Amino acid sequence: MAPRTTINIQGYPYRITQYKEQDAMVNVLTDHGEYAFLAHGIYKTTSKNASAVQLLSLGTFTLYERKDGTYSLKEGVADMPADIRDNLDRSVAFSVLAELTSKCLVAAEDAEGIYLWLDTAARALDKGFDAPTATLLYFAHLLNELGMGPNVDSCVFCGSKEHIAGFSYVDG
């Protein structure tokens, strides 16, 4: 029997889909693109990999390639766990970031730009940055990556291109 090929990746799980009772399919965004793998037993209370496979927790994953060309999780380490306990704003922000990432990766030609902004937003939230602001800034950068960025070249009210002092979520 030939040895299994293993790879190491570091990234953010942005979609976790329960598969069977104790397993999950995990989609991870890395600085080199997307990876999907099967994580056996992560819903067991004794799982050593459960902490690494949390929504938007930066993790390092060792994957082995199966005979059919898919990947399975061998080991996962949480490098920067997403702490959402007792903070509804952060919990919602991480959910929105994950959903935006999932939807925008379908339309994006290059996942590296999305990874850069996701990494920036997740690290800002980890340091206590305002959750709604981090989410909206991430969304604005995603739109820009997709070629649909907001207009910040002029005032939305008067059209002036001089003395622009701020950015209003409410006024666009």
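Residues numbered from 1 in each chain as written. Predicted model: local features only at pLDDT ≥ 70, side-chain atom pairs only at ≥ 80, totals over all residues. Heavy atoms only, no water.

A. How the structure looks around the nonpolar core. Formed by 25 residues in total, the largest nonpolar core has its most connected members in Tyr12, Leu29, Leu56 and Tyr138. Taken together, the elements giving at least two residues each to this core come down to strand 1 (6-19), helix 1 (88-107), helix 2 (111-126) and helix 3 (131-145). When sequence neighbours within four positions are dropped, the list of residues in contact with Tyr138 reads Leu97, Leu100, Thr101, Ile114, Trp117, Leu118 and Ala121. One finds Val26, Val28, Phe37 and Leu73 within the second-largest nonpolar core, a separate group that totals 12 residues. (Core = buried A, V, L, I, M, F, W, Y, C linked by side-chain atoms within 4.5 Å. Buried < 20%, exposed > 50% of the residue type's maximum accessible area, 1.4 Å probe, protein only. Helix = DSSP H or I, 4+ residues; strand = E, 2+ residues; numbered from the N terminus. Contact = heavy atoms within 4.5 Å.)

B. Main features of the packing of aromatic side chains. Tallied over the full model, the rule gives 3 aromatic pairs. Ring geometry for Tyr35 and Tyr71: centres 6.4 Å apart, planes at 65°, overall edge-to-face. With a gap of 36 residues between them, Tyr35 in strand 3 (residues 33-39) and Tyr71 in strand 5 (residues 71-80) connect regions that are remote in the sequence. Exposure remark for Tyr35: the relative accessible area of 25% places this residue in the partly exposed category. Ring plane angle 45° and centroid distance 5.4 Å describe the contact between Phe37 and Phe61, whose orientation is recorded as tilted. Of the two residues, Phe37 sits in strand 3 while Phe61 sits in strand 4 (residues 58-65), which places them 24 residues apart along the sequence. For Phe61, a relative accessible area of 0% gives the class buried. (Phe/Tyr/Trp six-rings, centres within 6.5 Å; stacked < 30°, edge-to-face > 60°.)

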